[in-house]
Amino acid sequence: ANLAFDTYELDKAEKLFVDVLQRLLSKGTPEDDLKFVKVNFKIKQLIYFISLGNPYKPKTSKDMQLKANIERADIGYKWCLEQIKKHKNESKDAKVLYGVINDWYAQYLLDVGDMPKALLHLNEAYKVCQDTQGNFVIFFLSLQIHLVKI
């Protein structure tokens, strides 16, 4: 699944990540377990990547499907944030995942034009980065660049 994701075989990756989720559930893994949230987060990233269409094309039924995928991505990012909030203070990994999800969700919000919400999530990711990594990391610099753009 990760290899398909990394090589931009997005439809294949989505199917494989769904298989991973099904296996986790069949083994009794709770939905708020970090493994489950991480895989779910990857699926939400995929849905969003798949939904990125050419904004200059005339609207077609496929474009309407893309809009539905964007809505699915939004719902998915919110779900991931709800789940990880429960665990963000349990370990450094959970806190970092919380920050990463906030960063991705903020970038999604920037892409769909919701600047106020994007700023909130970028600031949250920024705080997590400072708390877990300190001030001198590339991720921190990336977040500062995104904040300056807003």
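Concerning the overall build of the protein
Reasoning step 1: Helix and strand content of the protein: 7 helices and 0 strands.
Reasoning step 2: In the protein, the succession of α and β elements from N to C terminus is α-α-α-α-α-α-α.
Reasoning step 3: Within the protein, buried positions represent 37% of all 150 residues.
Reasoning step 4: For the protein, the exposed area adds up to about 9,100 Å²; of that, 57% sits on carbon and sulfur atoms.

Description of the nonpolar core
Reasoning step 1: If you look at the biggest cluster of nonpolar residues, it comprises 29 residues, and the most contacted ones within it are F17, Y77, I84 and I101.
Reasoning step 2: Among the elements of the structure, α1 (2-6), α2 (10-26), α3 (34-51), α4 (61-85), α5 (92-111) and α6 (115-133) are those that each provide at least two residues to this core.
Reasoning step 3: Per element, the largest residue contribution to this core is 8 residues, and it comes from α3.
Reasoning step 4: In this view, I84 contacts L34, V37, A94, L97, Y98 and I101; residues no more than four positions away in its chain are not counted.

A few points about α6
Reasoning step 1: In this model, α6 (19 residues) spans 26 Å end to end at C-alpha, consistent with the 27 Å of a helix rising 1.5 Å per residue.
Reasoning step 2: When we look at burial in α6, the residues that qualify are A118, H121, L122, A125, Y126, V128, C129 and T132. All buried residues of α6 lie within an arc of 165° about the axis, which places them on one face of the element. Across α6 from its buried face, at more than 90 degrees, point the exposed residues P116, L120 and D131.
Reasoning step 3: Where α6 begins, one side-chain oxygen reaches toward the backbone nitrogen of K117, 3.5 Å away; that side chain belongs to D114.
Reasoning step 4: Of the residues flanking the end of α6, it is G134, one or two places downstream, whose phi is positive at about 85°.

Let's talk about the environment of T132
Reasoning step 1: Here T132 shows up in helix α6.
Reasoning step 2: For the pair T132 and D93, spaced 39 residues apart in sequence, the C-alpha to C-alpha distance is 9.3 Å.
Reasoning step 3: Discounting chain neighbours no more than four positions away, the residues touching T132 are K92, K95 and V96.

As for the side chain of T132
Reasoning step 1: A relative accessible area of 16% means that T132 is categorised as buried.
Reasoning step 2: A distance of 2.8 Å separates a polar side-chain atom of T132 from the backbone oxygen of V128.

Side note on α5
Reasoning step 1: Taking 1.5 Å as the rise per residue, α5 with 20 residues should run 28 Å; its terminal C-alpha atoms sit 29 Å apart, in good agreement.
Reasoning step 2: Regarding α5, the residues found buried are A94, L97, Y98, G99, I101, N102, D103, Y105, A106, Y108 and L109.
Reasoning step 3: G113 sits one or two positions beyond α5 and adopts a positive phi of about 90°.

Some words on the confidence of the model for the protein
Reasoning step 1: On average, the protein scores 78 in pLDDT, and the residues at 70 or more come to 76%.
Reasoning step 2: Between residues 53-59, whose pLDDT stays under 50, and residues either more than four places distant or in other chains, the model counts 4 contacts.

Structural notes on the environment of E90
Reasoning step 1: Along the polypeptide, E90 turns up in the loop between α4 and α5.
Reasoning step 2: With a relative accessible area of 58%, E90 lands in the exposed category.
Reasoning step 3: Within the structure, the side chain of E90 is placed 2.9 Å from the side chain of H87, a separation counted as a polar contact.

Reading guide: rules and limits
Residues numbered from 1 in each chain as written. Predicted model: local features only at pLDDT ≥ 70, side-chain atom pairs only at ≥ 80, totals over all residues. Heavy atoms only, no water. Helix = DSSP H or I, 4+ residues; strand = E, 2+ residues; numbered from the N terminus. Buried < 20%, exposed > 50% of the residue type's maximum accessible area, 1.4 Å probe, protein only. Areas by Shrake-Rupley, 256 points an atom, 1.4 Å probe, with all protein chains shown as cover. Core = buried A, V, L, I, M, F, W, Y, C linked by side-chain atoms within 4.5 Å. Contact = heavy atoms within 4.5 Å. Expected span 1.5 Å × (residues − 1). Arc of directions from axis to C-beta. Polar contact = N/O pair within 3.5 Å; in protein donor to acceptor, adjacent residues only side chain to side chain. pLDDT = per-residue confidence, 0-100.

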